[in-house]
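Results of the structural survey
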Amino acid sequence: MNRFEYADSRLLPNEIYIRRDVSICIYDGDIKTNFESGELVLTSHRFLWGRPGDISRGHTCLSLSLRHIVFFEEEIPGPFSFGRSKKVVIHLSEAPIDKMPGPLDNSVCNYIKFSFKEGLDPNFHTHLSDAITRRIWEFTPIVPLEHPDSNTKNSRDINKPPPQIKTRTGIIGIERSLQEQQKATDESISMAFQDLKKLMEVAKDMVSISKTISAKIRERQGDITEDETVRFKSYLMSLGIDDPVTRDAYKSSNEYFKQLAKQLANILEEPIKEVGGMITLTDVYCRVNRARGLELLSPEDLLNASRQLASLGLPIVLRVFDSGVMVLQSRSHDDNVIVDVIADLIKERGSLTAEELAQSEGISVLLARERLLVTEKRGKACRDDTIEALRFYPNLFLEKND
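Residues numbered from 1 in each chain as written. Predicted model: local features only at pLDDT ≥ 70, side-chain atom pairs only at ≥ 80, totals over all residues. Heavy atoms only, no water.

**Points about the overall build of the chain**
Scanning the chain from N- to C-terminus turns up twelve helices and 17 strands. Classification of the 402 residues of the chain by burial places 38% in the buried group. Of the roughly 24,900 Å² of accessible surface on the chain, a fraction of 52% belongs to carbon and sulfur atoms. (Helix = DSSP H or I, 4+ residues; strand = E, 2+ residues; numbered from the N terminus. Buried < 20%, exposed > 50% of the residue type's maximum accessible area, 1.4 Å probe, protein only. Areas by Shrake-Rupley, 256 points an atom, 1.4 Å probe, with all protein chains shown as cover.)

So this is what it looks like as structure tokens:
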């Protein structure tokens, strides 16, 4: 108890209100004190405890700085403590020499307890732990408000106009502080959106410039040397934009989807071959949007364009598995070859799960599962579905008996 100080129940500059609990009793170690059934307010810098109504009226209360807290824990109840209130044990460091007056000058205990008669809110631990972890008092220390004695003012103080001190007293002051914080947050968000709007305007200009450069490179108009062409292309790559197909460039949606499908085939033909001839539509969505930079595609536009691939005779096509999984695959992809490879791998390993196949072949687990299911459908594998995993084994029924 000798770490507590007497203080006004007002929020000081730089101090932030966190929470309030009622019906709180204070223990000095294991000894119950007369400070019971009070209100406990947690701020970014300290605990404030007062009698019911004292804090809201701005009366003097007890103050405990959070910097004194070493750690805290919930008291483990004994075997015969049924029905007793929950307690939180606050372990404290030594009392500082420059401590302000408080309810007790000396104490043999280095910990106190807060007893919660109306139950302990589970969020109390989270809020207190967060406040201690942030240690805001180290970065923005609070400055106690001065209370000058009118009898000790000199002539210079009298002639000086009274300082405009902005005080926040009690619950009303806390609410006012929260309103001011909310207002500041709203202003920050508004400024952020203004900056974002400016960024988008600049981005549109950059897209326009990139399209102009791309047109000049294609048409070879003007005095563009080979070195300038290479340099322009490097600029476009750094921007993440290479003249992407956009909806506003075409009068009809059908023509837009056809042109977008051609661009998809141009972008994805080689990457799909590198990953085994097949890639999920979700991975396609990420790859394409990353390549397009600021001109992002919607999932609907990507799907509609993918459905145009087969009819246009492009080197990649959309495929939908029985499970509903959608992929883009090379037109030259042969399931029979893949099934034979996986069947041999299962026979070599003894058994395989989708995770093991994915790790072995460097593909996603989703694609690995679909390939195993296709292998099973072709009769080259048998499944064992257990609580551990879906595991595939060689189909021994195909083996000839010796």
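**Describing the confidence of the model for the chain**
Taken over all residues, the pLDDT of the chain has a mean of 77, while the share at 70 or more is 73%. Confidence over residues 147-169 falls short of pLDDT 50; this stretch has 16 contacts with residues more than four positions distant or in other chains. (pLDDT = per-residue confidence, 0-100. Contact = heavy atoms within 4.5 Å.)

**Description of the sheet that holds strand β12 (residues 278-280)**
Strand pairing in a sheet is mediated by backbone hydrogen bonds. Such pairs are either parallel or antiparallel. The strand order across the open sheet built from three strands is β12-β14-β13, with neighbouring strands paired in antiparallel fashion. The two strands at the open ends of the sheet, each matched to only one other strand, are β12 and β13 (316-320). Taken over all neighbouring pairs, the strand axes of this sheet differ in orientation by 30° on average, direction set aside. In terms of strand pairing, β13 meets strand β14 (residues 326-330) through five bridges, oriented antiparallel. Counterpart to Ile316 in the pairing with β14 is Ser330. Contacting β12, β13 and β14, helix α12 (residues 365-377) crosses the sheet at an angle of about 125° to β12. (Pairing = 2+ DSSP bridges. Axes fitted to C-alpha atoms, helices over the stretch in contact; angles between N-to-C directions.)

**Section: the pattern of salt bridges**
Scanning the entire structure with this criterion turns up 18 salt bridges. Linking Glu356 and Arg391 is a salt bridge whose minimum nitrogen-to-oxygen distance equals 3.3 Å. Here the residue Glu356 occupies a position in helix α11 (residues 354-361), and Arg391 occupies one in strand β17 (residues 390-394), the gap between them amounting to 35 residues. Take Glu356: its relative accessible area is 30%, and that puts it in the partly exposed class. One connected set of salt bridges, linked through shared partners, spans Arg19, Asp21 and Asp121. (Salt bridge = Lys/Arg side-chain N within 4 Å of Asp/Glu carboxyl O.)

**Here we look at unusual backbone geometry**
Unusually for a residue other than glycine, Ser37 sits at a positive phi of about 55°. Counting through the fold element by element, Ser37 comes out in the loop between β4 (31-32) and β5 (38-43). Judged by its relative accessible area of 32%, Ser37 is partly exposed. For Arg135, which is not glycine, the phi torsion reads 50° and is therefore positive. One can find Arg135 in the loop between α2 (123-134) and α3 (136-139). Taking relative accessible area as the criterion, Arg135 reaches 31% and is therefore assigned partly exposed.

**Structural notes on α2**
If you check α2, its first and last C-alpha atoms are 16 Å apart, about what twelve residues at 1.5 Å a residue would give, namely 16 Å. Looking one or two residues beyond α2, the residue adopting positive phi is Arg135, at roughly 50°. (Expected span 1.5 Å × (residues − 1).)

**Some words on the environment of Ala265**
Looking at the element boundaries, Ala265 is found in helix α7 (residues 253-274). Sequence separation of Ala265 and Pro315 is 50 residues, and the distance between their C-alpha atoms is 6.6 Å. Discounting residues that sit within four places of it in the chain, Ala265 has contacts with Leu309, Leu314, Pro315 and Ile316.

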